[in-house]
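Architecture and fold: a report
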Amino acid sequence: MTENSKPPLPAKQLARIRTLLKECAAGLGGEVSARHRAAKLAETYLALNDAGRHEILRLIALEFGPDPKKVAKAHDAYQAAVGSPGQWDAEAALRAAMRSTRLRILTQFNALPQGVKFLVDLRANLLSYLKEDPELKALDRELENRLSAWFDVGFLELHRLTWHTPAALLEKLIDYEAVHEIRSWTDLKNRLDSDRRCYAFFHPRMPDEPLIFVEVALINHLADSVQHLLDEAAPTADPLRADTAIFYSISNTQVGLRGVSFGNFLLKRVIEDLKRDFPRLKTFATLSPLPGLRIWADRNPELFAGAFTEGELKKIAKLADIEPTAAALQAYLPQGDWGTKPRLARLLEPGLTRVAARYLMHGKRGDRPADPVARFHLGNGARVERLNFLADTAPKGFKQSYGMMVNYLYDPDDLEENVEAFVREGQVVAVAAVRHAGKL
């Protein structure tokens, strides 16, 4: 029997856990008693397999919510008090009735020495069960709200990582890098050289656990190839002569903080730090992946049919030895071997640029861009500045976006206006060339 196939919790153990949770929810005893109970519950939870943890989370979610009768009574009292001197007291009573005892339990975990990290990891477990168990949604919303408060950017600390940073932390940078895999310690050292910068946000209650990393290259132009940026053999540039800072990798590290947004504040803080150290810097931009491009194109095959003309398809098909159809081309492109064939690549560039532009301008998830990286940068006030053909020639780059990447530009003078346009109207702010290429 595997660890995760063990039977549910024994009845006696479940009863003990329920009793401890009720005592936590009731706030019985003093501070020492509360901390002891929370520590015992956390210890028990961590010792369980997935099925046991799931059962405890269901217990908290379903048995420790607001009391419907108390809510109904408080609501009736509030309605009766509207317009009278007692309205505000009735409103406070209604809020108190709607406050679930789940919050009291979570807050007691938070008081433990490692409580913040425990709750972050607990939510990571919760998210893994959520898709198959929607009854956990109320607990997830409450926990996300609590974590958003506890991880307010005013509490976070920005630190620069260098080659002299403790090895244990550098190993976490290697493990957590989610955009461009760090292949070796030599690769890492190159990313921490004098013409590079790496920053991370930390919470004071999790001093050894970075929350988000950003990697920066200091150069003299908009970057159009991640391979060039990460070339270990390239000569080190003089950072004092650089006029452009390229954010080429931003990695969130804690699954349990999904939905807790602090990436925009990280970029603003990093820009301030860079401007202070390097006054010549004038341009702040990204070289970003398009991780959802291929998935979106697979779900919207008409995209390729409209992006390549019949004449282009025939020429491409002849060189690629495939059928002259958009479907055949779409199946061929993720393999990436065409990237080493200059004539074929030149024929593909206009059409793939149109595909990427249409994806960014029109691909939607609800009323927001389908691409998660686009949502992040556009939501922080950046604009789509340039599309880059064959910018990521690693297998992952071809597989997820046919080798295409994008520059998002952060212009301090336009950030607030761009954010307003994006939030209010869902507008994708882009330069004219991208808007033109993205026309349907």
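In what follows, the accompanying structure is described. On a predicted model such as this, the values are computed, not experimentally measured, just so you know.

Criteria and cut-off values
Residues numbered from 1 in each chain as written. Predicted model: local features only at pLDDT ≥ 70, side-chain atom pairs only at ≥ 80, totals over all residues. Heavy atoms only, no water. Phe/Tyr/Trp six-rings, centres within 6.5 Å; stacked < 30°, edge-to-face > 60°. Helix = DSSP H or I, 4+ residues; strand = E, 2+ residues; numbered from the N terminus. Buried < 20%, exposed > 50% of the residue type's maximum accessible area, 1.4 Å probe, protein only. Pairing = 2+ DSSP bridges. Axes fitted to C-alpha atoms, helices over the stretch in contact; angles between N-to-C directions. Core = buried A, V, L, I, M, F, W, Y, C linked by side-chain atoms within 4.5 Å. Contact = heavy atoms within 4.5 Å.

**Points about the packing of aromatic side chains**
- What the rule picks out here adds up to 8 aromatic pairs.
- When the ring of tryptophan 163 is compared with that of tryptophan 185, the centres are 6.2 Å apart and the planes differ by 75°; the resulting orientation is edge-to-face. You can see tryptophan 163 sitting in the loop between β1 (157-161) and α9 (167-176) and its partner tryptophan 185 sitting in helix α10 (residues 185-191), a full 22 residues away along the chain.
- Residue tryptophan 163 is classed as partly exposed on the basis of its relative accessible area of 33%.
- For tryptophan 185, a relative accessible area of 39% translates into the label partly exposed.

**Focus: the sheet that holds strand β9 (residues 405-410)**
- Judged by pairing direction, the sheet is mixed, and its 7 strands sit side by side in the order β1-β2-β3-β4-β5-β9-β8 without closing on themselves. With one partner strand each, in any of the chains shown, β1 and β8 (383-388) form the two edges of the open sheet. Direction aside, neighbouring strands of the sheet carry axes that sit 30° apart on average.
- Direction of pairing for strand β3 (residues 212-219) relative to strand β4 (residues 244-252): antiparallel, over a ladder of 8 bridges. Bridge pairing in β4 places leucine 218 opposite alanine 245.

**Overview of the nonpolar core**
- Formed by 108 residues in total, the largest nonpolar core has its most connected members in Phe151, Leu274, Phe304, Phe308, Trp338, Leu348 and Leu352.
- The element that contributes the greatest number of residues to this core is helix α17 (residues 342-362), accounting for 10 residues.
- Contacts of leucine 352, omitting those with residues within four sequence positions, involve Phe304, Phe308, Leu333, Trp338, Phe389, Tyr402 and Met404.
- Core analysis: the second largest hydrophobic core is formed by 13 residues, Ala217, Ile219, Ala223 and Ala285 among them.

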